[in-house]
Every structure is written in C-alpha cells, then in structure tokens.
Amino acid sequence: LWMWLATSGARMRVFAGHDGAVLCGGFTCDGKKIVSGSADGSIRVWNPRKGQCSHAFLPHKGASTDAIVMTQGAVSCIAFHPSDPDLVLGGAEDGCAALVHCSSKKIICRLEHAPTSDDEESGAAVVSVAFAESGWCSTGGADGTIKVWDISGSARLRCSLGCGGAVVAMAWRPSS
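Residues numbered from 1 in each chain as written. Predicted model: local features only at pLDDT ≥ 70, side-chain atom pairs only at ≥ 80, totals over all residues. Heavy atoms only, no water.

Enquirer: Help me understand the overall build of the protein chain, please; the structure alone is not making it clear to me.
Expert: Looking only at helices and strands, the protein chain has zero helices and 14 strands in total. Each helix (α) and strand (β) of the protein chain, taken in turn from the N terminus, gives the series β-β-β-β-β-β-β-β-β-β-β-β-β-β. Looking at the protein chain residue by residue over its 176 residues, the buried ones come to 42%. A separation of at least 24 residues holds for 40% of the contacts in the protein chain among residues at least 6 apart in sequence. (Helix = DSSP H or I, 4+ residues; strand = E, 2+ residues; numbered from the N terminus. Buried < 20%, exposed > 50% of the residue type's maximum accessible area, 1.4 Å probe, protein only. Contact = heavy atoms within 4.5 Å.)

Here's what the structure looks like:
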C-alpha cells in the first residue's frame, strides 16, 4: 500500500505486511488511521505517520468455537463509519462481512450476507458495504441482494432487497 502527496507526486510512505494483493483501503473519518483489506483475507490497521501496522484482523484459522469468526475470503471492500473512527466494515468473497473495532482490536460481529461453502462458487461474495449514521449498515452482494443490518446492539438483519444485478457500490443518505 502506497501513500503519495497529491500536490507534488512525492511518495510519502509504503505500508508492507499483507500476504496478498491489497484490494481496498482508506482513511478513517478522523484521518488518524489507514485501514486496508487484502486478498489474503486480512484487514490491517496502519499508523499513517509511522507506516507501521498497529493491528491485523486475520482470517479464521482454528479459533475457539466461541470466538467471533473473521471472514475467510479475500476482503474486497471496506466502509468507514462516518462519525466513529474505530468502526470499520469489511466485505469478503466468502459471502460475509466483518465489523471490527480498531482501537479495541476486536471483531464486533460477522454479518452473514450469503455465506458460501467450500464446494460452492463465490457468486454470493460481498462486493460493497456502507454505513449509516443511525447504527445501521448494509452489505451488497454479487448475487444481486442488498441486506440492511442493525448493528446498534446485537447485529440483526432488518431487511433484504433484491435488485437483479451485482451491487458494486452503495451509499446511505447522510443523517438518514
């Protein structure tokens, strides 16, 4: 992952640590952290000034059964909460999304948009995610569905909407 100064084109920082291609990333709403998602299935939190990884949320590999499981596929999309710099949502090709808290280094929940098994095609991949101010978020799938989640308490599905084609981008109306 590289960071440049747009006005001069000077490279400011290189962030190294993913074991696969970096597929998505950006700054948190306060600009104090960079978060990236990778083909290796990880979400990494970076210190932009130092160029160091402060935490890596890694794909599930034999965690205890009571642990919240991170996604198991490539993390292809990330959304940043509009007012809470610690909340990040990453969508993955395994049909799930993970809501993570950057400062506490915890996986808050796993949203099962349309999980795929090992013998299925990944047509249910989560290809877009978005946050609302209200404590809701949404996942958009390659399967043509949008799912709206209430994440203000325990994560629960509010509704599922079909639109016919892959949902590659979404946005919530501000303050709604």
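Anyway, onward from the coordinates.
Enquirer: Hey, could you run me through the sheet that holds strand β11 (residues 126–131) in this one?
Expert: In any sheet, the strands associate via hydrogen bonds between backbone groups, in a parallel or an antiparallel arrangement. On the basis of which strands lie adjacent, the open sheet formed by four strands has the order β11-β12-β13-β14 and antiparallel pairing. The strands lining the two open edges of the sheet, one partner per strand, are β11 and β14 (156–162). With direction set aside, neighbouring strand axes in the sheet form an average angle of 20 degrees. The sheet contact formed by β11 and strand β12 (residues 136–141) spans five bridges and is antiparallel. Residue pairing across strands places Ser 128 opposite Gly 140, the latter belonging to β12. (Pairing = 2+ DSSP bridges. Axes fitted to C-alpha atoms, helices over the stretch in contact; angles between N-to-C directions.)

Enquirer: Teacher, can you tell me more about the nonpolar core here?
Expert: The nonpolar side chains of a soluble globular protein tend to be buried, and buried together. Ranked by internal contacts, the top residues of the largest apolar core, which has 14 residues, are Leu 89, Leu 99, Leu 111, Val 129, Phe 131, Cys 137 and Ile 151. Of all the elements in the fold, those that place two or more residues in this core are β7 (75–80), β8 (87–92), β9 (96–101), β10 (106–112) and β11. No other element matches β11, which puts three residues into this core. (Core = buried A, V, L, I, M, F, W, Y, C linked by side-chain atoms within 4.5 Å.)

Enquirer: Help me out: how do you make sense of the sheet that holds strand β5 (residues 43–47) in this one?
Expert: An order of β3-β4-β5-β6 is seen for the four strands of this open sheet, with the pairing classed as antiparallel. The sheet is open, and its two edges are formed by β3 (22–27) and β6 (52–57), each paired on a single side. Each strand of the sheet is rotated relative to its neighbour by a mean of 20 degrees, with strand direction disregarded. By the bridge criterion, five bridges tie β3 to strand β4 (residues 34–38) in an arrangement that is antiparallel. Following the sheet pairing, Gly 25 is matched in β4 by Ser 36.

On their own, these measurements won't tell you what the molecule is for.
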